[in-house]
Amino acid sequence: IRYSTEKGWYDARLEPYGPLSLDPATSVLHYAQEIFEGLKAYRHPDGTLACFRPEANAARFNRSAARMAMPDLPEDLFLGAIETLLAHDGDWVPTRADTSLYLRPFMISTDVGLGVNNPSGTYLFVLIASPSGAYFSGGVKPVTVWLCEDYTRAARGGTGAAKFGGNYAASFLAQSQAVEQGCDQVVWLDAVEHRWVEEMGGMNLFFVFGSGENARLLTPELTGTLLPGITRDSLLKLAPELGLPVEEGRISTDQWREAATSGELTEVFACGTAAVITPVSHVKSGEGQFRIGDGTPGPITMRLREELVGLQYGTRPDNHGWVRRFDR
Ligand code: PMP
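Residues numbered from 1 in each chain as written. Predicted model: local features only at pLDDT ≥ 70, side-chain atom pairs only at ≥ 80, totals over all residues.

Going by what an unreviewed UniProt entry lists, the protein chain is known as Branched-chain-amino-acid aminotransferase and is assigned to Thermobifida halotolerans. What UniProt records for the protein chain under Cofactor (unreviewed entry) is the sentence "pyridoxal 5'-phosphate". If you open the UniProt record of the protein chain and go to Sequence similarities (unreviewed entry), you find "Belongs to the class-IV pyridoxal-phosphate-dependent aminotransferase family." (UniProt positions renumbered as here; feature names shortened; annotations may be inferred.)

## Some details on the overall build of the protein chain
Assigned secondary structure in the protein chain consists of eight helices and 17 strands. Relative to the compact-globule value of 20 Å for 328 residues, the protein chain shows a C-alpha radius of gyration of 20 Å, a close match. Principal-axis analysis of the C-alpha atoms gives the protein chain an extent of 60 × 50 × 30 Å. Counting all 328 residues of the protein chain, 40% fall into the buried class. Partitioning the intrachain contacts of the protein chain with sequence separation of at least 6 by distance along the chain shows that 72% fall at a separation of at least 24. (Helix = DSSP H or I, 4+ residues; strand = E, 2+ residues; numbered from the N terminus. Rg over C-alpha atoms; globule rule 2.2 N^0.38 Å. Buried ≥ 20, exposed ≤ 12 C-beta atoms within 10 Å, placed from the backbone. Contact = placed C-beta atoms within 7 Å.)

## A closer look at the site of the ligand
Contacts to the ligand come from Gly38, Glu199, Gly202, Met203, Asn204, Leu227, Gly229, Ile230, Thr231, Arg232, Gly272 and Thr273. With three residues, helix α6 (residues 230–241) is the largest single contributor of residues to the shell around the ligand. Tallied by class, the residues present in the shell around the ligand amount to three nonpolar, seven polar and two charged. (Near = placed C-beta within 6 Å. Nonpolar A, V, L, I, M, F, W, Y, C, P; charged D, E, K, R; others polar.)

## Looking at the packing of helix α2 (residues 54–67) against helix α3 (residues 75–89)
It is the contact of α2 with α3, at a shortest axis distance of 9 Å, that shows an interaxial angle of 125 degrees. In terms of orientation, α2 lies oblique with respect to α3. Here α2 and α3 pass one another in a crossing that is right-handed. Note on element contacts: α3 touches α2 through Glu75, Phe78, Leu79 and Ile82, opposite Pro54, Glu55, Ala58 and Phe61. Tallied by class, the residues present in the contact of α2 with α3 amount to six nonpolar, no polar and two charged. (Axes fitted to C-alpha atoms, helices over the stretch in contact; angles between N-to-C directions. Parallel < 35°, antiparallel > 145°, perpendicular 65-115°, else oblique. Left-handed = near helix turned anticlockwise from the far one by under 90°.)

## Things to note about the domain arrangement of the protein chain
Reports of interface size often rely on the accessible area that becomes lost once the parts have come together. What the domain assignment reports for the protein chain is domain 1 (2–132) and domain 2 (143–312). Here domain 1 and domain 2 have C-alpha centroids that lie 27 Å from each other. In this complex, domain 1 contributes 18 residues to the contact, which on the side of domain 2 involves 14 residues. Secondary-structure elements contributing two or more residues to the side of domain 1 that touches domain 2 are β3 (34–36), β4 (39–43) and α2. Per-element tally for the side of domain 1 that touches domain 2: the top contributor is α2, with six residues. When the residues that make up the side of domain 1 that touches domain 2 are grouped by side-chain class, the tally is eight nonpolar, three polar and seven charged. (Domains from an automatic or database assignment.)

## Some remarks on the pairing of strand β14 (residues 265–272)
Burial within β14 is extensive, with eight of its eight residues counted as buried. Examined bridge by bridge, strand β11 (residues 204–209) and β14 share six bridges and lie antiparallel to one another. Each residue of the ladder has a partner; that of phenylalanine 206, found in β14, is phenylalanine 269. Two strands pair when backbone bridges link them, and β14 and strand β15 (residues 276–285) are joined in this way by four bridges, in the antiparallel orientation. Pairing of phenylalanine 269 across the sheet is with proline 279, part of β15. (Pairing = 2+ DSSP bridges.)

## Looking at the packing of α6 against helix α8 (residues 299–312)
For any two helices packed against each other, the geometry comes down to the angle between their axes and how far apart the axes lie. Across the interface, α6 lies against α8 with an axial gap of 11 Å and an inter-helix angle of 110 degrees. Here α6 is positioned roughly perpendicular relative to α8, judged by the angle of their axes. Here the hand of the crossing between α6 and α8 comes out right-handed. When α6 is examined against α8, the residues Ser234, Leu235, Leu238 and Ala239 are found in contact with a partner set consisting of Leu304, Glu307 and Leu308.

## With respect to the confidence of the model for the protein chain
For the protein chain, per-residue confidence averages 93 on the pLDDT scale, and residues scoring 70 or more make up 95% of the total. Confidence estimates for the predicted assembly give a pTM of 0.96 and an ipTM of 0.99. (pLDDT = per-residue confidence, 0-100.)

## A few points about α3
Given a rise of 1.5 Å per residue, 15 residues ought to cover 21 Å, and the 21 Å separating the end C-alpha atoms of α3 matches this to within 8%. Among the residues of α3, those classed as buried are Phe78, Ala81, Ile82, Leu85 and Leu86. Projected down its long axis, α3 shows its buried positions confined to an angular sector of 125 degrees, all on one face. Of the residues in α3, the exposed ones pointing more than 90 degrees away from the buried face are Asp76 and His88. On the buried face of α3, the contacting elements are β4, β5 (49–52), α2, β6 (100–109), β7 (123–132) and β17 (323–326). (Expected span 1.5 Å × (residues − 1). Arc of directions from axis to C-beta.)

## Points about unusual backbone geometry
Of note in the backbone geometry, aspartate 11 takes a positive phi value of approximately 60 degrees without being a glycine. Relative to the helices and strands, aspartate 11 resides in the loop between β2 (8–10) and α1 (27–31). In this structure, alanine 32 takes a positive phi of about 60 degrees despite not being glycine. As for its placement among the helices and strands, alanine 32 is situated in the loop between α1 and β3.

Okay, here's the thing in structure tokens:
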């Protein structure tokens, strides 16, 4: 779907997958004015395809657009694009009930010119899709994380809360540092003191203190520098319904280490559209390494994962109106 200041959104089209042709002076190639979303369509047992809270993705897309001085995309166009694609390409999702179709909506500035501005105010919204593997095959694999003290993902007033391509470009180096350290993922810390835990490369974090009836959850608060994950938001609502109190607050790297060492911190997990809920087993930093619990997926992590996956794949009742079915 194209956009110009005069016409607004126009020219919605379904095209075969293929390269985009852009003038070499197109603004996005130089100044990275690009935003995106990530969501999935799941095959439900009755054969329909459904998305989990796509309206929340549409809303976040527009918050990202506002931060990047890009135009608002009406929710009906965002959801309509998904509906059109699924109506055409839904068979990509195998009928097995444990696979999904990853949907990637994005918007770029298509203005041509080397000035850091948008002289003609033209943009392009595109939705592409890619089949996504079965999350149950091979079980749940815990990840090892690297506490990144050398680089910062986001500062207050910056672009951290937006799903903006540049945030991810700036994270490649830290992610390769994590891999060099033998870790799977980087954990970002705050930009000022480099000690308050924010989020992971593509996931938010939850900490479980205590166990059984005394278990409680903590997730880093939204300070404007981390992405307000839709999975995170869903867990903030689901956990209390399962008898798990949850708080949004702060946790420092020292507190993380001390609580893990004393045994007060029993589980840590990451959450996001791609990985659903993934346990964190080991944490590494310049000061050494420590383990969470016994390093295996904990019961609360697995309980929340089961609940969320059940909602997404339509095997548990949707009491929140989070599931949107698409007819095809
Ligand atoms: N943080 C970052 C940086 C991400 O890229 C993602 C993935 N969108 C998340 C958190 C998790 O967000 P969601 O639950 O909406 O997928």
